[in-house]
Amino acid sequence: MNFDHLLLTVNDGVATLTVNRPEKLNALNDQVVDQLHRAAAQLAGDPAVKGVVLTGAGPKAFIAGADIGELAKQGVLQGRDRSLAGQRMLAAFEHMGKPVLAAVNGYALGGGCELAMACHLRIASENAKFGQPEVKLGITPGYGGTQRLPRLVGKGNALHLILTGEQIDAREALRIGLVTKVVPAAQLLDEADKLMRVILANGPVAVKLAIEAVHRGLEMTLEEGLALEADAFGLVAATDDMKEGLTAFLEKRAARFAGR
Ligand code: COA
């Protein structure tokens, strides 16, 4: 991968993708959005990559939002196109078919908070700060904030953040369910790797279908979602992974999943 604003390492199945524009607090300009989108497609298609950790370069920021310099020049149609391009990039991570974990290492504002929300899991360093400050700039969130935030933290918490534009710290993000773990900054990437490996030790087909059932189920009625769940439950019955997982339990040994 040769993207000038991204860094990528792959270690034993876990890809760490780092947005690398620290001089602008990793703000998402159009180029970074495009590179992230292409990187997501590449990671999705790489059989050596089983899961992805997404983080930001430098000690201060995960991503401090969309690039305000670019937003300042946009017209109506450009604004709409920029929003749609950002939303498509986020969807490429959300629908990667592999677990994606945001390791939030500092400011996750605007598009940064929105990208973290498109990931399947979020953990944060103690110095992380979250917010949707768009209204302070006279704009609305454009990369999914008005939709994913209420789904994650409830309508009241979401409207509080979106209408005030206030930042919250990592502890508050944990309290409202925006992240599931807070760790010291120096341990963030190790903790992210550890958490990803807990997930990757599980049945890969089951993990993939469970992500899909939760994600798609949220857009359905309870009845439709339960039918989707039953289909996934039936589908895994056709996998070697199910045979291996159940047999390993009965034989009191660790399962060795093949992912099929
Ligand atoms: N877009 C473009 N540039 C950004 C940016 C953004 N979203 N966020 C930070 N930067 C740039 C700053 O302009 C500055 O660049 P410069 O050194 O060339 O002037 C550099 O990153 C460092 O930021 P700075 O503001 O000096 O750091 P700080 O520690 O004083 O403040 C923040 C950090 C995050 C509070 C502040 O940068 C900020 O409010 N950023 C905008 C957040 C935002 O509104 N995001 C949503 C956009 S829709």
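Small disclaimer: the values here were computed from a predicted structure and weren't measured.

With that out of the way, let us pick up the environment of P184. If you trace the backbone, P184 turns up in the loop between strand 10 (181-183) and helix 8 (188-200). The spatial distance from the C-alpha of P184 to the C-alpha of A40 is 28 Å, given a sequence separation of 144 residues.

Before going further, it helps to spend a moment on the pairing of strand 5 (residues 100-104). Burial analysis of strand 5 places five of its five residues in the buried class, the great majority of the element. Here strand 5 shows two buried faces, one formed by V100, A102 and V104 and the other by L101 and A103. One ladder, built from three bridges, connects strand 3 (residues 51-56) with strand 5; its direction is parallel. Considered in strand 5, the bridge of V53 is made with L101. Bridge count for strand 5 against strand 7 (residues 121-125) is four bridges, and the pairing is parallel. Opposite A103, over in strand 7, you have I123 as the bridge partner.

With respect to spatial proximity, 14 residues lie near the ligand, and among them K24, K60, A64, A66 and I68 are the closest. Take A64: an N or O atom from its main chain is 2.9 Å from a nitrogen atom of the ligand. In this structure, a nitrogen atom belonging to the ligand sits 2.9 Å away from a main-chain N or O atom of I68. Protein contact buries 61% of the 860 Å² of open area that the ligand shows by itself. Residue assignment for the shell around the ligand shows that the elements contributing at least two residues are helix 2 (68-71) and strand 6 (107-109). Taken together, the residues that form the shell around the ligand break down as ten nonpolar, no polar and four charged.

Further remarks concern the sheet that holds strand 10. With respect to topology, six strands assemble into an open sheet ordered 1-2-3-5-7-10, the strand pairing being mixed. The sheet is open, and its two edges are formed by strand 1 (6-11) and strand 10, each paired on a single side. Sheet twist, expressed as the mean angle between neighbouring strand axes with direction ignored, is 20°. Along the sheet face, helix 1 (residues 30-45) touches strand 1, strand 2 (14-19) and strand 3 and points at about 175° away from the line of strand 2.

The next thing to look at is unusual backbone geometry. The phi torsion at D12 lies on the positive side, around 50°, for a residue other than glycine. Relative to the helices and strands, D12 is located in the loop between strand 1 and strand 2. Residue L25 is not a glycine yet carries a positive backbone phi of 50°. Along the chain, L25 falls in the loop between strand 2 and helix 1.

Positionally, L218 belongs in the loop between helix 9 (204-217) and helix 10 (222-236). Overall, the relative accessible area of 56% leaves L218 in the exposed class. Considering only alpha carbons, one finds L218 and K252, 34 residues apart in sequence, at a separation of 36 Å.

Among the residues of helix 5 (residues 145-153), G145, R148, L149 and V153 are the ones counted as buried. The arc that holds the buried residues of helix 5, viewed along the axis, is 105°, so those residues lie on one side. Where helix 5 is buried, its residues touch helix 3 (76-94), helix 4 (111-118), helix 6 (155-164) and helix 7 (170-176). Two residues or fewer after helix 5 comes G154, characterised by a positive phi angle close to 90°.

The next point concerns the packing of helix 9 against helix 10. Between helix 9 and helix 10, the least distance of the axes is 9 Å, while the angle of their chain directions is 170°. In terms of axis orientation, helix 9 runs roughly antiparallel to helix 10. Here V205, A206, L209, E212, A213, R216 and G217 of helix 9 lie close against helix 10, whose contacting residues are G225, L228, A232, L235 and V236. Across the contact of helix 9 with helix 10, the residue classes tally to eight nonpolar, two polar and two charged.

Here the domain parsing of the chain yields domain 1 (6-200) and domain 2 (204-250). Relative to domain 2, the C-alpha centre of domain 1 lies at a distance of 27 Å. Counting residues at the interface gives eight residues for domain 1, matched by five residues for domain 2. Across the domain 1/domain 2 interface, buried area totals approximately 550 Å², and carbon plus sulfur atoms make up 64% of it. Taken as a group, E94, G97 and R151 account for 54% of the area that domain 1 buries against domain 2, more than any other trio of residues on that side. One can count one salt bridge joining domain 1 with domain 2. Of the charged contacts in the structure, one is a salt bridge between R151 and E219, with a shortest N-O distance of 2.9 Å. Linking domain 1 with domain 2 are one residue pair in polar contact (both at pLDDT 80 or more), by the criterion used here. Class assignment for the residues of the side of domain 1 that touches domain 2 results in two nonpolar, three polar and three charged.

Rules used throughout
- Residues numbered from 1 in each chain as written.
- Predicted model: local features only at pLDDT ≥ 70, side-chain atom pairs only at ≥ 80, totals over all residues.
- Heavy atoms only, no water.
- Helix = DSSP H or I, 4+ residues; strand = E, 2+ residues; numbered from the N terminus.
- Buried < 20%, exposed > 50% of the residue type's maximum accessible area, 1.4 Å probe, protein only.
- Pairing = 2+ DSSP bridges.
- Near = heavy atom within 4 Å.
- Polar contact = N/O pair within 3.5 Å; in protein donor to acceptor, adjacent residues only side chain to side chain.
- Areas by Shrake-Rupley, 256 points an atom, 1.4 Å probe, with all protein chains shown as cover.
- Nonpolar A, V, L, I, M, F, W, Y, C, P; charged D, E, K, R; others polar.
- Axes fitted to C-alpha atoms, helices over the stretch in contact; angles between N-to-C directions.
- Contact = heavy atoms within 4.5 Å.
- Arc of directions from axis to C-beta.
- Parallel < 35°, antiparallel > 145°, perpendicular 65-115°, else oblique.
- Domains from an automatic or database assignment.
- Buried area = accessible area lost by both parts, 1.4 Å probe.
- Salt bridge = Lys/Arg side-chain N within 4 Å of Asp/Glu carboxyl O.

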